[in-house]
Structures are given as structure tokens and as C-alpha cells.
Amino acid sequence: MANNTLIIKLGGALLESDEALTALFDGLTQFLEQQHRPLVLVHGGGCLVDDLLKGLGLKSSKKNGLRVTPFDQIPIIAGALAGTANKQMMAKAIQSGLKTVGLCLADGGLCNVTQLDPELGAVGDCQPGDASLLHSLLDGGFLPVISSIGITADGQLMNVNADQAATAIAEALGADLVMLSDVSGILDGKGQLISEVTPDKAEELIAKGVITGGMEVKVKAALHAAASLGRPISVASWRYPDQLSKLLAGGDVGTRISA
Ligand SMILES: Nc1ncnc2c1ncn2[C@@H]1O[C@H](COP(=O)(O)OP(=O)(O)O)[C@@H](O)[C@H]1O
Ligand SMILES: CC(=O)N[C@@H](CCC(=O)OP(=O)(O)O)C(=O)O
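These figures come from a predicted structure and were not determined experimentally. (Residues numbered from 1 in each chain as written. Chains lettered and ligands numbered in written order. Predicted model: local features only at pLDDT ≥ 70, side-chain atom pairs only at ≥ 80, totals over all residues.)

**Notes on the packing of helix H2 (residues 46-55) against helix H3 (residues 74-95)**
Inference 1: It is the contact of H2 with H3, at a shortest axis distance of 10 Å, that shows an interaxial angle of 130°. On the basis of their axis angle, the class for H2 and H3 is oblique. H3 is crossed by H2, and the crossing has right-handed handedness. Contacts between H2 and H3 involve Leu 48, Val 49 and Leu 52 from the first element and Ile 76, Ile 77, Ala 80, Leu 81, Thr 84 and Ala 85 from the second.
Inference 2: Of the residues that constitute the contact of H2 with H3, the class distribution is eight nonpolar, one polar and no charged. (Axes fitted to C-alpha atoms, helices over the stretch in contact; angles between N-to-C directions. Helix = DSSP H or I, 4+ residues; strand = E, 2+ residues; numbered from the N terminus. Parallel < 35°, antiparallel > 145°, perpendicular 65-115°, else oblique. Left-handed = near helix turned anticlockwise from the far one by under 90°. Contact = placed C-beta atoms within 7 Å. Nonpolar A, V, L, I, M, F, W, Y, C, P; charged D, E, K, R; others polar.)

**What about the UniProt feature "domain: Aspartate/glutamate/uridylate kinase" (unreviewed entry) in the protein chain?**
Inference 1: Per the UniProt record, "domain: Aspartate/glutamate/uridylate kinase" (unreviewed entry) is found at residues 5-236.
Inference 2: For the annotated span residues 5-236, helix accounts for 41% and strand for 22% of the residues, and the straight-line distance between the end C-alpha atoms is 18 Å. (UniProt positions renumbered as here; feature names shortened; annotations may be inferred.)

**Structural notes on the environment of Leu 137**
Inference 1: Position of Leu 137 among the secondary structure elements: in helix H4 (residues 132-139).
Inference 2: Residue classification places Leu 137 among the buried positions, given that 20 C-beta atoms sit within 10 Å.
Inference 3: Distance from Leu 137 to Val 101, taken between C-alpha atoms, is 8.1 Å for residues 36 residues apart in sequence.
Inference 4: Not counting residues up to four positions away in its chain, the partners in contact with Leu 137 are Val 101, Phe 142 and Pro 144. (Buried ≥ 20, exposed ≤ 12 C-beta atoms within 10 Å, placed from the backbone.)

**Quick look at the site of ligand 1**
Inference 1: In the vicinity of ligand 1 there are 18 residues, among which Gly 11, Ser 181, Leu 187, Gly 214 and Met 215 approach most closely.
Inference 2: Among the elements that make up the shell around ligand 1, the one with the highest residue count is helix H7 (residues 213-229) (four residues).
Inference 3: Here the shell around ligand 1 is composed, by residue class, of seven nonpolar, eight polar and three charged. (Near = placed C-beta within 6 Å.)

**Notes on the UniProt feature "site: Transition state stabilizer" (unreviewed entry) in the protein chain**
Inference 1: The positions that UniProt labels "site: Transition state stabilizer" (unreviewed entry) are, in the present scheme, Lys 9 and Lys 218. These annotated residues cover 210 residues of sequence, and their C-alpha atoms lie no more than 10.5 Å from one another, placing them together at a single site.
Inference 2: Note that Lys 9 resides in strand E1 (residues 6-10).
Inference 3: On the neighbour-count criterion, Lys 9 (30 C-beta atoms within 10 Å) is buried.
Inference 4: Excluding residues that lie within four positions of it along the chain, Lys 9 makes contacts with Val 42, Ala 162, Asp 163, Ala 166, Leu 177, Met 179 and Leu 180.
Inference 5: With respect to the element layout, Lys 218 can be found in helix H7.
Inference 6: Not counting residues within four places of it along the chain, the set of residues in contact with Lys 218 comprises Asp 163, Met 179 and Val 235.

**What to know about the environment of Ser 234**
Inference 1: Along the chain, Ser 234 turns up in strand E13 (residues 233-237).
Inference 2: Owing to 23 C-beta atoms within 10 Å, Ser 234 belongs among the buried residues under this scheme.
Inference 3: Residues Ser 234 and Gly 251, 17 residues apart in the sequence, show an inter-C-alpha distance of 11 Å.
Inference 4: Apart from residues no more than four positions distant in its own chain, Ser 234 is found in contact with Val 178, Met 179, Leu 247, Gly 254, Thr 255 and Arg 256.

**Re unusual backbone geometry**
Inference 1: Even without glycine at this site, His 36 takes up a positive phi of about 50°.
Inference 2: Relative to the helices and strands, His 36 is located in the loop between helix H1 (18-35) and strand E2 (39-43).
Inference 3: Using a count of 10 C-beta atoms within 10 Å as the deciding quantity, one classes His 36 as exposed.
Inference 4: The phi dihedral of Asn 64 is positive, around 50°, even though this residue is not glycine.

Here it is as C-alpha cells:
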């Protein structure tokens, strides 16, 4: 199989805008027609989980950008991420005429997931595993759409941060990785886009409290992937799918994170 596989991670806030979701999948379809690159989508859905837990009267909190996941909440969270979010993404892909397969991190042993930290409950650390199922699907012309739910060797469902899941999958495939979020990239203290972030710059911005929460997790995951894959990782917005080709050609779009 061609080794120019592209992983695009889609932040969950995209699911809150039907218009943006349609535009993105139309953009992805055009991109695939032009570039013929094997593409894998990895998605989040944090806001969907927030809404669902709130609706059920359940409290939820985050530690360093990661959701504390009590074991009795994992069935609900897995339902939201591997169920609703995954199928809503697939639905848009199908509407755009793409042949798609919905997966989680456990399918075909794609990722090895273990408990990250007992204080976080059912939250998984995610390491690259067996990518042969993905290779087969890509060879068959399918678009894999992957949620960030994992299963440990002991059979425990785990909630994995979707940026960490995307980096492990990019490592498993040796693929390029682009993270599309609800912001245009990493912003400085004045809200201006930063075009390039190195490990030193990231450390400085995190220490100053400029990069926080979900973006801190994203930047750390991207720095790890940039180092292990030996290429930069881009963080940009899902609002401008027409800029994807420019971004991949090294153009001035979003933030480039290099190790
Ligand atoms: N320096 C920063 N630049 C941009 N966004 C930041 C920054 N620091 C924190 N954030 C927050 O990070 C969010 C993106 O992270 P997250 O919500 O995890 O996105 P996604 O769901 O796309 O993974 C932004 O919406 C913003 O609120
Ligand atoms: C452990 C952990 O934090 N899991 C995340 C998984 C979803 C996610 O990462 O969604 P976004 O990409 O939309 O942020 C969560 O429960 O919110």
C-alpha cells in the first residue's frame, strides 16, 4: 500500500454544526478526488459527552485536560463516542458518497490500551498496535472512521483522549497527521495565530498559562508524534476544508508543531 496515508483528527465540536460537518465532508470528498491519498479519520466528541452526562444529571470533571471517567460512566461515554459520534460522522461520509467503516481503537488490535492513571478511572493510555486491519480497509478503498474508545487486554472499556488516540494511530501507520479543531490553530496570549511551535515554545506557552486544557493535551500529543514520526503535525480549523490542500502542501495554514 502507498505510504502516504493521511490521518485527520476531527474535534468533537464539529458535531454540533450540521452545516460545518457537511462542508467538511464535501471538502474531504473533493480532496480525495484530487489527491487519491489513503485517508483515516479519528474523531472526538467531548462536547457530546458533556451534554449527555449533564442531561442525565451526572457531574463530570477534567484533570489536565483529561476527563475523569468513573467506571460506572464508561458504558454511557462509550455509547456517545463509539456510538452516536461515530455513526454521525459515518452518516456524513455516506451522504458525501464515501465508502466508510466505523471502528474503535480495539478493532483488529489497532491500539494497545491500558489504564493511564487510577485517579482518572476508566481513562486509557494508548499505544500503537496492529495496523493490518486498517491497511486492508485502505487497500479496499474504504474510509475508516475511528472513535477513541479502547478495550484493555482484560476486557475493560476505556475512554481515550482523541488526540492521543490519533497520534497512536498515526504512529501505527507511519502516517501524516493533521488535527482539525474549533480554533484556527494555537493562539498566543493576544489571540493571534502562532504559525510554528517547537518543544521549547510549547513549554513556555504552557508554563505561562497561554496553552491550557484540551489544547495542552493536543500539543503534547502532537509533539510526541512529531518526534516519533520525524515530521511536523498541523493543528488547524475544521471550518475551512478548502484550505486542506494548501495545508498539506506546506502552506501557511494553522500551526505547525515540530519536534
Ligand atoms: N493557546 C490556545 N490556543 C487555542 N486554543 C486553546 C489554547 N489554550 C486553550 N485552548 C482551548 O483548546 C480548545 C481546543 O481543544 P479541545 O477542546 O480539546 O479541541 P478538540 O475537541 O478539537 O480536540 C479551544 O477551543 C480552546 O478553548
Ligand atoms: C479521556 C478523555 O478526556 N476523553 C475524551 C474523549 C473525547 C475527546 O477527546 O473529544 P475531543 O477531541 O472532542 O476533545 C472525553 O471524554 O472528552
